[in-house]
Amino acid sequence: MPTEEEHVDDGRPIFLQIAESLEAQILDGSMREGEQVPSINELAQFHRINPATALKGVSLLVDAGTLYKRRGIGMFVADGARAQLLDRRKAEFAQVHLRPVADRARSLGISATEMQDMITKEMER
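Rules behind the numbers
- Residues numbered from 1 in each chain as written.
- Predicted model: local features only at pLDDT ≥ 70, side-chain atom pairs only at ≥ 80, totals over all residues.
- Heavy atoms only, no water.
- Pairing = 2+ DSSP bridges.
- Helix = DSSP H or I, 4+ residues; strand = E, 2+ residues; numbered from the N terminus.
- Core = buried A, V, L, I, M, F, W, Y, C linked by side-chain atoms within 4.5 Å.
- Buried < 20%, exposed > 50% of the residue type's maximum accessible area, 1.4 Å probe, protein only.
- Contact = heavy atoms within 4.5 Å.
- Axes fitted to C-alpha atoms, helices over the stretch in contact; angles between N-to-C directions.
- Parallel < 35°, antiparallel > 145°, perpendicular 65-115°, else oblique.
- Left-handed = near helix turned anticlockwise from the far one by under 90°.
- pLDDT = per-residue confidence, 0-100.
- Salt bridge = Lys/Arg side-chain N within 4 Å of Asp/Glu carboxyl O.

Enquirer: Would you explain the pairing of strand β1 (residues 67–70) in this entry?
Expert: Side-chain direction in a regular strand flips from residue to residue, so the side chains alternate between the two faces of the sheet. Pairing of β1 with strand β2 (residues 74–77) involves 4 bridges; the strand directions are antiparallel. Across the sheet, residue Leu-67 finds its bridge partner in β2, namely Val-77.

Shown next as structure tokens:
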């Protein structure tokens, strides 16, 4: 469960924040593959939201294959969920951050080798 400081309230839809909070816990290892996730009612109570909203967030992760339901028992983190999330986040990072940088570098005549050198220097900073 997120800490008290991690309560949802940043202006984005709450169900997305619930899904992203669970994803973050899977990515950081605090929620492991095969582990049961908090119930819809627990999530709703913790975040002080309607259970239908919590269900909507959890359903996003079920639809993505990150979580799976065991009838009568609850929701669990799927095998391979962390790797799947990392792959998706890396692809999003490339699209959101690297593609515009690459486009700008091309317009400035910066070669791929020069970009690699620049990135290496920044990563070592």
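Enquirer: Before we go on, may I ask you to explain the nonpolar core in this structure?
Expert: Across soluble globular proteins, nonpolar side chains show a tendency to be buried alongside one another. Counting 19 residues, the largest nonpolar core has Leu-22, Ile-26, Val-58, Leu-67 and Val-77 as the members making the most contacts within it. Contributions of two or more residues to this core are made by α1 (14–27), α2 (40–47), α3 (51–63), β2 and α4 (81–108). For this core, the leading source of residues is α1, giving 5 residues. The residues touching Val-77, leaving out its near neighbours within four places in the chain, are Ile-26, Met-31, Arg-32, Glu-33, Gly-34, Glu-35, Val-37, Thr-66, Leu-67 and Tyr-68.

Enquirer: Would you mind showing me how to read the packing of α1 against α3 here?
Expert: How two helices sit against one another is set out by the angle between their axes and by the gap between those axes. Two numbers describe how α1 lies on α3: the axes approach to 8 Å, and their chain directions differ by 50°. Accordingly, the angle class assigned to the pair α1 and α3 is oblique. Here α1 and α3 pass one another in a crossing that is right-handed. Counted together, Ile-14, Phe-15, Leu-16, Ile-18, Ala-19, Leu-22 and Glu-23 of α1 and Thr-53, Ala-54, Lys-56, Gly-57, Val-58, Leu-60 and Leu-61 of α3 form the full contact between these two elements.

Enquirer: Looking at this structure, how should I read the packing of α1 against α4?
Expert: α4 packs onto α1 with a crossing angle of 110° between their chain directions and a minimal axis gap of 9 Å. Overall, the two elements α1 and α4 adopt an arrangement that is roughly perpendicular. Crossing of α1 against α4: the hand is left-handed. Within the contact between the two elements, α1 uses Glu-20, Glu-23, Ile-26 and Leu-27 and α4 uses Ala-81, Arg-82, Leu-85, Leu-86, Arg-88 and Arg-89.

Enquirer: Is there a simple way to think about the environment of Ala-81 in this case?
Expert: Its location among the elements puts Ala-81 in helix α4. Look at Ala-81 and you get buried, because its relative accessible area is 0%. Along the chain, Ala-81 and Thr-113 lie 32 residues apart, while their C-alpha atoms are 34 Å from each other. When residues no more than four places from it in sequence are discounted, the contact partners of Ala-81 are Ile-26, Glu-33 and Thr-66.

Enquirer: Help me understand the confidence of the model for the protein chain in this model?
Expert: The predicted structure's coordinates, where accompanied by low pLDDT, should not be read in detail. Across the protein chain, the average pLDDT comes to 91, with 93% of residues at 70 or higher. Per-element confidence in the protein chain ranges from a low mean pLDDT of 93 for helix α5 (residues 112–124) to a high of 97 for α3. Here residues 2–7 is a poorly scored stretch, pLDDT under 50, and it has 10 contacts once near neighbours within four places are set aside; other chains count.

Enquirer: Please explain the pattern of salt bridges as it appears in this structure.
Expert: Enumeration over the complete set of coordinates arrives at 6 salt bridges. Arg-88 is the partner of Glu-23 in a salt bridge, and the nearest nitrogen-oxygen pair spans 2.7 Å. In this pair, Glu-23 is assigned in helix α1 and Arg-88 in helix α4, connecting sequence segments 65 residues apart. A relative accessible area of 5% places Glu-23 in the buried class. Bridged by salt links that share partners, the residues Glu-23, Arg-88, Arg-89 and Glu-92 form one connected network.

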